[in-house]
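Each chain is listed here by its residues.
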Amino acid sequence: MKGRVKTADLMGEVLHKANNLRTDRIVSHVGAFTVPDEDRIMMITDAGINIAPDLMRKRDIILNAVQVAHSIGIERPRVAVLSFIEKIETKDLHAGIRASTEDAEKLTEMNRQGQIPGCVVEGPYALDNAISLYAAKKKGIQGEVAGRADILIAHDINMGNAIYKALQVWVKTVMAGVVVGSKTPVVVPSRTDSPE
C-alpha cells in the first residue's frame with residue numbers, strides 16, 4: 001500500500017523484474033467509487049498508470065477491471081468504452097478522437113467474439129450516455145450498457161485522471177484505487193485521500 005511516496009516510485013519497484021511481481025498481463029489502475037443516490041459501486045480505469053494505451057492494452061485494462069468487479073460480486077459488469085463522440089461522421093477529425101472512437105468499436109466487437117469474457121462491452125460512449133439513463137434516452141443511444149455502466153474505460157490517462165479527480169473534488173465520492181495485473185494487489189491512494 002502506497003503511503004506518501006509518489007505512485008511512479010512505487011510502481012517502478014512493482015515493475016522491476018528483479019522483484020518478481022510481474023505477470024503476463026499489464027498492470028493498470030482501477031478506481032472504485034460509490035455514486036450519490038445510487039446503491040452500487042462503479043469503476044473507472046485507467047486513471048493512473050497507462051498513459052496512452054493501444055487497443056491490446058485497453059483489452060487488458062478491461063480484463064483487469066472485470067477481475068476487480070467479479071471479486072466484489074458484480075457477476076457480469078457493463079463496460080462503457082468512453083470517447084468524445086459516438087460515431088465518426090467527418091474525415092477532418094482529430095487523430096486522438098478518431099482513435100478513441102475506433103478503439104471503442106473494436107473492443108465492442110472483441111467482446112462479442114469472446115475475446116473479452118465475463119462482461120458486456122459497448123462503445124463508444126460519451127460519459128453522460130454511459131452513466132445517465134436520461135441522457136442515453138434523450139440522445140437515442142441504445143444498448144445494454146447505455147446509462148447503466150459499471151466500469152468506465154478511459155481512452156487515455158488524461159481522460160481517466162480528470163474524471164477520477166473531478167469525482168473526488170466536486171462530487172465528494174469515496175474512491176478506492178488499486179493497481180491490478182501484478183502478483184499482488186497494490187493499493188494506491190492519492191496523497192490527498194481521506195482515511196475513509
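Preceding this paragraph is the structure being described.
Residues numbered from 1 in each chain as written. Predicted model: local features only at pLDDT ≥ 70, side-chain atom pairs only at ≥ 80, totals over all residues. Heavy atoms only, no water.

## A short note on the pattern of salt bridges
At step 1: Applying the stated criterion across every chain, the model contains 9 salt bridges.
At step 2: One salt bridge connects Arg-40 with Asp-150, and the closest N-O pair in it is separated by 3.2 Å. In this pair, Arg-40 is assigned in the loop between strand S1 (28-34) and strand S2 (41-45) and Asp-150 in the loop between helix H5 (133-138) and strand S5 (151-153), connecting sequence segments 110 residues apart. Residues Arg-40 and Asp-150 agree in their burial class; the two are buried.
At step 3: Here Glu-144 and Arg-76 are joined by a salt bridge, their closest N and O atoms 2.4 Å apart. Here Arg-76 lies in the loop between helix H2 (55-71) and strand S3 (78-82) and Glu-144 lies in the loop between H5 and S5, a separation of 68 residues in the sequence.
At step 4: Through salt bridges with shared partners, a single network forms among Glu-38, Arg-40, Arg-78 and Asp-150. (Salt bridge = Lys/Arg side-chain N within 4 Å of Asp/Glu carboxyl O. Helix = DSSP H or I, 4+ residues; strand = E, 2+ residues; numbered from the N terminus. Buried < 20%, exposed > 50% of the residue type's maximum accessible area, 1.4 Å probe, protein only.)

## Examining the sheet that holds S2
At step 1: Sheet architecture is open: 7 strands sit in the order S4-S3-S5-S2-S1-S6-S7, paired in mixed fashion. For this open sheet the edge positions go to strand S4 (120-125) and strand S7 (186-187), each flanked by a neighbour on one side alone.
At step 2: Sheet topology note: the S3/S5 ladder contains 3 bridges and is parallel. The residue bridging Val-79 from the neighbouring strand is Ile-151, located in S5.
At step 3: Sitting on the sheet, H2 touches S1, S2, S3, S4, S5 and strand S6 (175-180), and the angle it makes with S2 is about 160°. (Pairing = 2+ DSSP bridges. Contact = heavy atoms within 4.5 Å. Axes fitted to C-alpha atoms, helices over the stretch in contact; angles between N-to-C directions.)

## A closer look at unusual backbone geometry
At step 1: Cis geometry is found at the peptide bond from Thr-45 to Asp-46, where omega equals -5°.
At step 2: One can find Asp-46 in the loop between S2 and H2.
At step 3: Residues other than glycine seldom take positive phi values, yet Asn-20 does so here, at roughly 55°.
At step 4: Looking at where Asn-20 falls in the secondary structure, it is placed in the loop between helix H1 (7-15) and S1.
At step 5: The backbone of Lys-172 sits at a positive phi, close to 60°, despite the residue not being glycine.
At step 6: The class for Lys-172 is exposed, based on a relative accessible area of 62%.

## Points about the environment of Met-56
At step 1: Position of Met-56 relative to the elements: it lies in helix H2.
At step 2: Overall, the relative accessible area of 40% leaves Met-56 in the partly exposed class.
At step 3: Sequence spacing of Met-56 and Lys-139 is 83 residues, and the spatial spacing of their C-alpha atoms is 30 Å.

## A word on the environment of Phe-33
At step 1: Tracing the backbone through its elements, the reader meets Phe-33 in strand S1.
At step 2: Here the alpha-carbon distance between Phe-33 and Ile-44, two residues 11 residues apart in the chain, equals 8.3 Å.
At step 3: Leaving out residues up to four positions away in the same chain, Phe-33 has contacts with Arg-40, Ile-41, Met-42, Met-43, Ile-44, Leu-167, Thr-173, Val-174 and Met-175.

## Structural notes on the layout of surface pockets
At step 1: Roughly 420 Å³ of internal volume is contained in the largest pocket.
At step 2: Around the largest pocket, the lining comprises 21 residues; the ones closest to its centre are Gln-168, Met-175, Thr-192, Asp-193 and Ser-194.
At step 3: A volume near 320 Å³ is recorded for the second largest pocket.
At step 4: As for the second largest pocket, its lining consists of 18 residues, of which Lys-2, Thr-7, Gly-48, Asn-161 and Lys-165 are closest to the centre.
At step 5: Sorting elements by how many residues they give to the lining of the second largest pocket places helix H6 (residues 157-171) first, with 4 residues.
At step 6: Residue composition of the lining of the second largest pocket, by class: 7 nonpolar, 6 polar and 5 charged. (1 Å grid on protein atoms, 1.4 Å probe; cavity = no way out; pocket = protein on both sides within 12 Å on 5 of 7 lines; lining within 4 Å. Points joined across faces, edges and corners; volume = space filled by probe spheres on them. Nonpolar A, V, L, I, M, F, W, Y, C, P; charged D, E, K, R; others polar.)

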